[in-house]
Amino acid sequence: MSPDSTAQSHDVSILAEHLSKLFRIPHERKLTIYEHLVGVLRGSHQSYDEFLALDDVSFSVRRGETFGVIGPNGSGKSTLLKVLAGILYPDNGNSKVQGKIAAFIELGVGFQSDLTAKDNIFLYGAIMGLSKREIKDRYDEILNFSELKRFEHMRLKNFSSGMVVRLAFSTAIQTDPDVLLVDEVLAVGDEYFQKKCMEKINELRDNNKTIVFVSHSLDSVNKLCSRCLLLDKGKIVQIGETSDVIERYHQLTREHT
Amino acid sequence: MWITEYRDLIEILTISDLRIKYQSSVLGFAWSLVNPLFMMLILYVVFSNVFHVSENNFALYILTGITTFRFFSNGTSQGMTSIVLKPGLVNKVFIPRQILVFSSVLSNFISSLLEFCVLFILLIFFGVQLSFTALIFPPVHVMFFLIVYALSLGLSSLYVFYRDLNQIWEVFLQAAFFLSPIVYPITIIPEKYLQYYMLNPVTILMETFRDILIHGISPPPLWFLYLLGSGILLLIVCRFIFNRLERRFAEEV
């Protein structure tokens, strides 16, 4: 490796500064103009429960790093990922992500059951940020990886759920992002396919891609991630070496119970 | 600019939309063309007796009106639901959300072009001489697209927060159908109301299409300005609404 590229690999890929996200959960959800009118006429004010999903979260991830995010349910992991992906706007602070992002928050977003596997590969590929040219070039690889070549012209509604997931993952993994945000989606398919997925993720990691990995499976976090972030109630509890953070997480779980 | 950056996605979303629409039945594509023709027939039978029409081609007059109105009503009502009906594309991945509205309106625009093709064929069949003024059709229809897209931007973002807006819009469209010269000749409007009546851009569009396609005359240049102006004004207002509300789409869909 040239000294230049070593220096680059220490570049900051993701920078989050003082991220806060407040969700307002109305006591009485008003979804229609009619309900709003009635509310105004009665003179009642809309009352909210406020819920701070992220509370002053700051961290940075270096280029090429695989970074884990762990924490109990409702600790703000998915919210954090969505803010990084640009899906949710933070109420405070800001985040910068260098390069092309691919967010695997749910696989197969936008799939149309009335269209064939082929059409869906193009549709989903485009949604994940590929150009038509790129999808055409990678089309065979997608079908081979999913092992669904035989069903190329079958409509998706005749697929089993396992087949749908395979098709989705095989397409999504071809997006070739600089930064990959993964939310618990790898726990899909049978064991054999899961192994294939893990290999693919490892391949990306070896290609110096930045990966943010949200998971409940401490085992896979331990295997994949060099550094880790522990969230609880929207706040950072600890950032650091994965083994230390996992240790802290166990401690936290004991405190709660 | 998102239109060029995401052109492949826009194209694929639009084509998928059309595929699903026309694939759902064997006659899918034919139905969408036959539908306005039947509608025209019914309205012609009913209304040609109500108004003693001086218009020569009253059937074609009605059909032009219906075809124009269909793009307005289908475009806006499907554009309105384009965000809410694709929640996954709003809160599970990041794509500029106006793409959903744009591709929805675009697929209706293409359907509308096909319907106009049928209209052209019928015009020729009924012996109307298409004159060179028909060449004005494409730019006018593009201005029409602009108006429908702008309205859809505003409607789709409001619909995320007010889920009864579709009911209200449906009633509005009913009213708009009769407030536009579709089933009656424009001459029945009393002189003193005419200047207000002509403020409706859809009326201007219908009359423009009739002028350039049926009558072979060029409409007043002021009309083009009016269409373009109202399109741009709507776009500015509705984009402002959309951008304000867009920040909370992912929390609400």
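Check the entry above for the structure.
Before going into details, it helps to say that this report is about the structure given with it.

Here is what the cut-offs are and how they apply
- Residues numbered from 1 in each chain as written.
- Chains lettered and ligands numbered in written order.
- Predicted model: local features only at pLDDT ≥ 70, side-chain atom pairs only at ≥ 80, totals over all residues.
- Helix = DSSP H or I, 4+ residues; strand = E, 2+ residues; numbered from the N terminus.
- Buried ≥ 20, exposed ≤ 12 C-beta atoms within 10 Å, placed from the backbone.
- Contact = placed C-beta atoms within 7 Å.
- Rg over C-alpha atoms; globule rule 2.2 N^0.38 Å.
- Nonpolar A, V, L, I, M, F, W, Y, C, P; charged D, E, K, R; others polar.
- Pairing = 2+ DSSP bridges.
- Axes fitted to C-alpha atoms, helices over the stretch in contact; angles between N-to-C directions.
- Core = buried A, V, L, I, M, F, W, Y, C linked by C-beta atoms within 7 Å.
- Parallel < 35°, antiparallel > 145°, perpendicular 65-115°, else oblique.
- Left-handed = near helix turned anticlockwise from the far one by under 90°.
- Expected span 1.5 Å × (residues − 1).

**Considering the overall build of chain A**
What chain A contains, in helices and strands, is nine helices and nine strands. Projecting the C-alpha coordinates of chain A onto the three principal axes gives extents of approximately 60 × 50 × 40 Å. Counting across all 257 residues of chain A, residues that qualify as buried make up 39%. Considering only contacts in chain A between residues 6 or more positions apart, those separated by 24 or more positions represent 73%.

**Considerations on the overall build of chain B**
The number of helices and strands found in chain B is twelve helices and zero strands. Secondary structure elements of chain B occur, N-terminal to C-terminal, as α-α-α-α-α-α-α-α-α-α-α-α. Relative to the compact-globule value of 18 Å for 253 residues, chain B shows a C-alpha radius of gyration of 19 Å, a close match. Seen through its principal axes, chain B has C-alpha atoms that stretch 55 × 45 × 35 Å. Residues counted as buried form 37% of the 253 residues belonging to chain B. Taking as baseline every contact in chain B between residues at least 6 positions apart, the subset at least 24 positions apart corresponds to 79%.

**Side note on unusual backbone geometry**
Residue and element names in this part refer to chain A. At Asp56, a residue that is not glycine, the phi angle is positive and equals roughly 55°. Mapped onto the elements, Asp56 comes out in strand 2 (residues 48-62). Classification of Asp56 by C-beta neighbours within 10 Å gives partly exposed; the count is 14.

**Here's the deal with the environment of A:Tyr249**
Residues and elements named next belong to chain A. Looking at the element boundaries, Tyr249 is found in helix 9 (residues 242-256). Taking the number of C-beta atoms within 10 Å as the measure of exposure, Tyr249 has 21 and is therefore buried. For Tyr249 and Phe122, which are 127 residues apart along the polypeptide, the C-alpha to C-alpha distance reads 41 Å. Leaving out residues up to four positions away in the same chain, Tyr249 has contacts with Ile70 and Leu230.

**A look at the interface of chain B and chain A**
Listed as interface residues are 22 residues of chain B and, on the opposing side, 26 residues of chain A. Of all elements in the fold, only helix 2 (7-23), helix 5 (87-91), helix 8 (165-179) and helix 12 (249-252) of chain B reach the threshold of two or more residues within the side of chain B that touches chain A. Here the side of chain B that touches chain A gets seven residues from one element, more than from any other, and that element is helix 2 of chain B. When the residues that make up the side of chain B that touches chain A are grouped by side-chain class, the tally is eleven nonpolar, four polar and seven charged.

**A short note on the sheet that holds strand 6 (residues 179-183) of chain A**
Residue and element names in this part refer to chain A. Reading across from one edge, 5-6-7-3-8-9 is the order of the six strands in this open sheet, with mixed pairing throughout. In this open sheet, the two edge strands, each paired with only one partner strand, are strand 5 (101-104) and strand 9 (235-241). This sheet shows a mean twist of 15° between the axes of neighbouring strands, independent of strand direction. Bridge count between strand 5 and strand 6: four bridges; the pairing is parallel. Bridged to Ala103 within strand 6 is Leu181.

**Topic: the environment of A:Glu141**
Residues and elements named next belong to chain A. Mapped onto the elements, Glu141 comes out in helix 5 (residues 132-146). In this structure Glu141 comes out as exposed when scored by C-beta crowding, with 12 C-beta atoms within 10 Å. For the pair Glu141 and Asp55, spaced 86 residues apart in the sequence, the C-alpha separation amounts to 42 Å.

**A word on the pairing of strand 7 (residues 210-214) of chain A**
Residue and element names in this part refer to chain A. Where burial is concerned, most of strand 7 is hidden: five out of the five residues are buried. Along strand 7, one buried face is formed by Thr210, Val212 and Val214 and the opposite face, lined by Ile211 and Phe213, is buried too. Across four bridges, the pairing between strand 3 (residues 66-70) and strand 7 is parallel. Along strand 7, the bridge assignment pairs Thr66 with Ile211.

**Looking at helix 2 (residues 33-42) of chain A**
Burial of helix 2 of chain A is sparse: only zero of the ten residues sit out of reach of the surface. A:Gly43 lies just past helix 2 of chain A and shows a positive phi near 75°.

**Structural notes on the nonpolar core**
Among the nonpolar cores identified, the biggest contains 123 residues, and A:Ala103, A:Ile127, A:Leu181 and A:Val212 are the most heavily contacted of them. It is helix 7 (residues 137-161) of chain B that contributes the most residues to this core, eleven residues altogether.

**A short note on the packing of helix 10 (residues 201-215) of chain B against helix 11 (residues 221-246) of chain B**
Residue and element names in this part refer to chain B. Running from N to C, helix 10 and helix 11 cross one another at 140°; their axes reach a closest spacing of 10 Å. Taken together, the axis directions place helix 10 and helix 11 in an arrangement best described as oblique. Relative to helix 11, the crossing made by helix 10 is left-handed. Taken together, the residues of helix 11 that come into contact with helix 10 (itself represented by Pro201, Ile204, Leu205 and Thr208) are Trp223, Tyr226, Leu227 and Ser230. Taken together, the residues of the contact of helix 10 with helix 11 sort by class into six nonpolar, two polar and no charged.

**Brief notes about the sheet that holds strand 1 (residues 12-26) of chain A**
Residues and elements named next belong to chain A. Pairing is antiparallel across the open sheet formed by three strands, whose spatial order is 2-1-4. Taken across any chain shown, the strands that pair with only one partner, and hence form the sheet edges, are strand 2 and strand 4 (92-97). Going across the sheet, the axis of each strand differs from the next one's by a mean of 25°, ignoring polarity. Judged from the eleven bridges that link them, strand 1 and strand 2 form a sheet pairing that is antiparallel. Bridge pairing links Leu22 to Leu52 in strand 2. Most of the contacts of helix 3 (residues 77-85) go to strand 2, to which it runs at about 65°, and overall it touches strand 1, strand 2 and strand 4.

**Looking at the pairing of strand 3 of chain A**
Most of strand 3 of chain A sits inside the fold, with five of its five residues counted as buried. Here strand 3 of chain A shows a buried face lined by A:Thr66, A:Gly68 and A:Ile70 and a second buried face lined by A:Phe67 and A:Val69.

**With respect to helix 6 (residues 161-172) of chain A**
Residue and element names in this part refer to chain A. In this model, helix 6 (twelve residues) spans 16 Å end to end at C-alpha, consistent with the 16 Å of a helix rising 1.5 Å per residue. Burial runs high along helix 6: nine of the twelve residues are buried. Those residues of helix 6 lying buried are Val164, Val165, Arg166, Leu167, Ala168, Phe169, Ser170, Thr171 and Ala172.

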